[in-house]
Amino acid sequence: MVLYSYAGKILRVNLSTKTIKTEDTKKDIAQLLLGGNGYAAKILWDELKPGIDPLSPENKIVLMTGPITGTGAPGSGFWEACFKSPLTGVWGESACGGWWGPMLKFAGFDGIIIEGASENPVYLWVHDGEAEIKPAEGIWGQTVPKTEEMIRKEIGIPQARVLSIGPAGEKLVRFAGIAVDLERYAGRKGGGALLGSKKVKAVAVYGEKEIPIAKPTEYGKALKECEQAVYASLNSGGGFPNGTLGGYDACNQFGDLPTKYGETGSWEAVSDLYQNFVNKYLVKNRACFGCMQACGRVSQVKEGPFATPVYGGPEYETTAGFTTFMLQKDIEPVIKANYLCNIYGLDTISTSHMIAFAMLCYEKGLITTKDTDGLEVKWGDPDVVIKLVEKIARREGFGDLLAEGVRRAAEKIGGEAPKLALHVKGLEMPYHDPRAGKTQAIEYGTSNTGMDHFHAHETLDVECYGADLGLIPFGLPDPKTIDRFSEDPSKASIAKLVMDWGTVADALVICKFHQYVNLGPDKYAKLLSLATGWKIDGWELLKIGDRIFNLARAFNVREGIRRKDDMLPPRIMQPATTGSTKGVGITNYEGMLNEFYKLEEWDENGIPKPEKLKRLGLNDVANYLASLKS
Ligand code: SF4
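Reading the values: rules and limits
Residues numbered from 1 in each chain as written. Predicted model: local features only at pLDDT ≥ 70, side-chain atom pairs only at ≥ 80, totals over all residues. Heavy atoms only, no water. Pairing = 2+ DSSP bridges. Helix = DSSP H or I, 4+ residues; strand = E, 2+ residues; numbered from the N terminus. Polar contact = N/O pair within 3.5 Å; in protein donor to acceptor, adjacent residues only side chain to side chain. Contact = heavy atoms within 4.5 Å. Near = heavy atom within 4 Å. Nonpolar A, V, L, I, M, F, W, Y, C, P; charged D, E, K, R; others polar. Axes fitted to C-alpha atoms, helices over the stretch in contact; angles between N-to-C directions. Buried < 20%, exposed > 50% of the residue type's maximum accessible area, 1.4 Å probe, protein only. Arc of directions from axis to C-beta.

**Q** Looking at this structure, how should I read the sheet that holds strand β14 (residues 296-299)?
**A** One key point about sheets: their strands pair by backbone hydrogen bonds, in either a parallel or an antiparallel sense. Reading across the sheet, the three strands line up as β13-β14-β15 and stay open at both edges, with antiparallel pairing between neighbours. Edge strands, defined here as strands with exactly one partner in the open sheet, are β13 (282-286) and β15 (311-312). Bridge count between β14 and β15: two bridges; the pairing is antiparallel. Within β15, the residue paired with V298 across the bridge is G312.

**Q** Can you walk me through the side chain of S118 in this structure?
**A** Positionally, S118 belongs in the loop between β6 (111-115) and β7 (122-127). For S118, the side chain forms a polar contact with the main-chain oxygen of N120, separated by 2.6 Å. Sequence-distant contacts of S118, that is, excluding residues within four places in its chain, are made with L15, K18, K198 and K199.

**Q** Is there a simple way to explain the site of the ligand in this structure?
**A** Taken together, F78, R184, R286, A287, C288, C291, Q293, A294, C295, C511, F513 and H514 make up the full set of residues adjacent to the ligand. Class assignment for the residues of the shell around the ligand results in eight nonpolar, two polar and two charged.

**Q** Any chance you could explain the sheet that holds β7 here in plain terms?
**A** Across the sheet, six strands lie side by side as β8-β7-β12-β9-β10-β11; this open sheet has mixed pairing. Both outer strands of the open sheet, β8 (130-135) and β11 (184-186), are each paired with one neighbouring strand and no more. Each strand of the sheet is rotated relative to its neighbour by a mean of 20 degrees, with strand direction disregarded. Pairing of strand β9 (residues 161-164) with strand β12 (residues 200-206) involves four bridges; the strand directions are antiparallel. For L163, the partnering residue across the bridge sits in β12 and is V203. Here helix α4 (residues 144-155) sits on the sheet and contacts β7, β8, β9, β10 (178-180), β11 and β12; the angle it forms with β9, its principal contact strand, is near 135 degrees.

**Q** What should I look at first to understand the pairing of β6 in this one?
**A** Put simply, side chains in a regular strand alternate between the two faces of the sheet. Burial of β6 is extensive: five of the five residues sit out of reach of the surface. Neither face of β6 is left uncovered, since the one carrying G111, I113 and E115 and the one carrying I112 and I114 both have all their residues buried. Sheet topology places strand β3 (residues 61-64) next to β6; four bridges connect them, and they run antiparallel. Bridging from a neighbouring strand, V62 pairs with I113 of β6.

**Q** Please explain helix α9 (residues 273-280) as it appears in this structure.
**A** Since the α-helix packs 3.6 residues into each turn, any two residues three or four apart lie on the same face. Burial in α9 covers these residues: L273, Y274 and F277. Looking straight down α9, one finds that the buried residues subtend no more than 100 degrees of arc, so they occupy a single side. Opposite the packed face of α9, turned more than 90 degrees from it, sit the exposed residues N279 and K280. Those residues of α9 that are buried are in contact with α8 (248-254), β13, β14, α10 (316-322) and α11 (331-344).

Below is the structure:
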């Protein structure tokens, strides 16, 4: 029977036994959890033993598309990587655009489960309903662009799309990412290290299969309606036509640009950075499959010590990390650092975070030149920044410590370092400041992936920048009426709604930036219904988000996560020292958290209650958690 809008098959590749199997995509799981993070959560809940070492062959990585991937729906060029994170030891999830996801589906597969580990470097070649494990000894050690080039040449299909890791993934840097299409990254939580531990250098995909749509004529009409909605939003100033970096100045004004390792949320020294970037370094924009926004930037520094080739980026997060967070005010070192991270396969957020953390520790005397290979790791020194990126990618000298991520590095440094480290559940803080919009604090504390600004979603966009994400018909207050500084427990209901909707995006596997351009739950529910032939509305989609969020929470609870792990680091709760948030700290976090627990129906230890899980159709999960002692 046709499973409309899905490819209908999932590949299972066991690298230890060198076996490849094809399994049917299961309709009952798809209807309960869609695809992406939802389908992957079910696989990992069922198949991973709790407590395994994330870098052992027992860990698995699931690369998933979703039900509307590759169908031309707005933002449908994404794919998801899900795994137990080598960085955090809990639920790891990373979303990425480009063209790889749709091409996997055109090759005949909804996803790939990679398990076991190879003794020697390999890559997977997936094409037209088939797959092969191929040797990669000659490619191991190469950068991301060189890897893509060599693999395309070897398979002889220039249109093939290549997912790969760089040298950082091979060296098991705990925050190494996974690249596709050169500079698109499933960057966070260490998926690249996990592939490196399995000796998988790349996964190349190509195919021309059609995706079956249940009601193709009506689907085509609905796509047109969505396109018109997107254009209407873009024409009235919505979306991301200037890329994520276009929001840099606004973040600075709102106190949302973490500065000096989170001491404050703004910095005057970078007030003209964005315009300078556009005037001198921006080469062009770039779009993923199925996108009208083209938020991707392509830039170049033509000459000087920070010269680069024309390359993708930098985006907002990268720029914030390599500027204000480490008190470095020039864009050229950012473009260079971004380029290096991309070719070596490093997550730019965690890499910049680690360098800024080293600068803070150096200032406080917690480390000296004896620890740093003789480098004076002073705030904002661009030459030191570039040297440290190189050292981290190779795990060389001091870089070996930084490659462990902030929680492990802080423990090794000792003294007050663990107290200073900005992370939740081991994931380094990204570059939005929760003092600028207090709902973000709840998300940072309760996101299943740790201190994450986009899994499940970015609530600051609602509170600071007026985005309603199409959620007003579903109970979101008009963003203009929300007091961003309030820490009233009612903020929990905003967090819950926005995070459930963000979780849905990762199960549909769409780019979340399309939730900012008039495409709310109703519009995507209509697309999904016409594509699959199922009857589903916006409320049902949000319920699916709730289900997946709680399934991933259960995964974490099984790994030992409890309420204490939902706490925020003290440094980011202290009053900011400059700008529009000067004097603003976070004082009622636990009050908001208590209300969030109530809405989620979690007990006082943060464990989802069995009755809630059963209502969501997760009976086996409910029974397992009921058997746990808090
Ligand atoms: S908005 Fe940006 S990230 Fe999203 S699909 Fe378009 S180009 Fe890709």
